[in-house]
Amino acid sequence: MNITQIQYALMVAKYRNISNAADALYISQPALSQQIKKLEKDIGFALFQRTGGGLLLTPAGQRFLPYMEKANEAWDNMEEAAMDFRKHSLMHLNIAMSPRVYSNGLFEKIVHYFNIHPDIETTYVTEAGVQYMTGLEEQKIDIVLDRLPIQESAISEMKRVSITPILREKQCILTALPETHPELMQDFPGDTVTIRQLEGQSIVTGLRGSMEDHSMNYLIRKENIHFKRIYRSDSMNTMMELVRQGQGIILGPESFGEYYHVRAIPFTPPKVVDLNFISLRERAEEPAIRDFRKYLLEMAKAER
């Protein structure tokens, strides 16, 4: 006998009718009848008898019913326990990712990695913003794939995290393509751009308090730059659409040019920005975090 046959027999005892029990079980009536006969053959006695009131338990079936109910209850408890054990045996990683993960083609590789590691469940956080350091400390975020914050308030927090550069890119200004907005070539005619050429431009950035906003404010203070207008959004897609429409410029890595279909002009003197693998220092050597970091380093190395 098996648990399925016992569950079928309990359903027949409940409905006192093969047809109604089969409908409730979503199987055919012949298939249900066949399984009941197999069960009766295995246990060596009849469970049901036909009467004017339908299929009723035989005297032996009545005595056997509590054992079937206990077996079914034990099976349910075992399935619930297995689900609980499975849930707690899975490793879960919350990964905050900047758009550079997409523009550099890393996201497909990340998905592939976790497809071949089914013991790790993942949640992707794509709008980590300035709060990711707090998220790491509170362990609401396990891994950050992003550049480091520029703002001074974050410098003291760097000692608490492990930082591994994955790849390095040129920092650029991003503008609309010349074929759609040729007038922008007057402001940025060359293949490189200086910080002073940003004077009087309209700029696109993140919401107040975001990492993009802090970076812009840092630039304003350090270089004494004045912008004509500031556009803000919490969506990178919206920010890049403003750039494509010629409404303003944005500071970003070289890979954004092709990915977002805009013009990427590197700074001179050159400025570079790293995409880092960031985690709490005390968790950096946990197997799930360590092995994932090693994988991304190998992928980035292979792309060079």
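Anything mentioned here points back to the structure above.
Calculation criteria
Residues numbered from 1 in each chain as written. Predicted model: local features only at pLDDT ≥ 70, side-chain atom pairs only at ≥ 80, totals over all residues. Heavy atoms only, no water. Buried < 20%, exposed > 50% of the residue type's maximum accessible area, 1.4 Å probe, protein only. Helix = DSSP H or I, 4+ residues; strand = E, 2+ residues; numbered from the N terminus. Pairing = 2+ DSSP bridges. Phe/Tyr/Trp six-rings, centres within 6.5 Å; stacked < 30°, edge-to-face > 60°. Core = buried A, V, L, I, M, F, W, Y, C linked by side-chain atoms within 4.5 Å. Contact = heavy atoms within 4.5 Å.

K.L.:
Which residues make up the pairing of strand E6 (residues 161–175), and what are the values?
P.N.:
Regular strands have side chains that alternate between both faces of the sheet. Summarising burial for E6: 11 of the 15 residues are buried, a large majority. Alignment of E6 against strand E11 (residues 272–280), held across nine bridges, turns out to be antiparallel. Bridge pairing in E11 places Val161 opposite Leu280. When E6 meets strand E9 (residues 250–253), the two strands line up antiparallel, connected through four bridges. Considered in E9, the bridge of Gln171 is made with Pro253. Here E6 pairs with strand E10 (residues 263–266) via four bridges, running antiparallel. Its bridge partner being in E10, Ile173 is matched across the sheet by Ile265.

K.L.:
Now, about the packing of aromatic side chains: what can you tell me, with residues and values included?
P.N.:
Geometrically, a pair of aromatic rings is defined through the distance of the ring centres and the angle of the planes. Under the criterion given, the structure shown has 11 aromatic pairs. For the pair Tyr113 and Phe114, a centre-to-centre distance of 5.1 Å together with 85° between the ring planes defines the contact as edge-to-face. Comparing Tyr113 with Phe114, the two get one shared label, buried. Aromatic pair Tyr113 and Tyr295: ring centres 4.6 Å apart, planes at 35°, arrangement tilted. Placement of Tyr113 in helix H6 (residues 106–115) and of Tyr295 in helix H12 (residues 287–303) is noted, with a sequence separation of 182 residues between them. Judged by relative accessible area, which is 5%, Tyr113 ranks as buried. Members of the aromatic cluster, connected to one another through ring pairs, are Tyr113, Phe114, Phe277, Phe292 and Tyr295.

K.L.:
Lay out the pairing of strand E1 (residues 48–51) in plain terms, naming residues and giving numbers.
P.N.:
Looking at chain direction, E1 and strand E2 (residues 54–57) are connected through four bridges and run antiparallel. Within E2, the residue paired with Gln49 across the bridge is Leu56. Here E1 folds back onto E2 in antiparallel fashion, the turn holding two residues.

K.L.:
Explain the nonpolar core residue by residue, including any values.
P.N.:
Residues Leu145 and Phe292 are the most contacted members of the largest nonpolar core, which totals 21 residues. Contributions of two or more residues to this core are made by strand E3 (91–97), H6, strand E5 (143–146), E6, E11 and H12. In terms of residue count, H12 provides more of this core than any other element does, six residues in total. In this view, Phe292 contacts Ile95, Ile110, Tyr113, Phe114, Ile143 and Phe277; residues no more than four positions away in its chain are not counted. If you look at the next biggest cluster of nonpolar residues, it comprises 19 residues, including Ile36, Leu39, Phe48 and Met68.

Geometry only, nothing functional implied.
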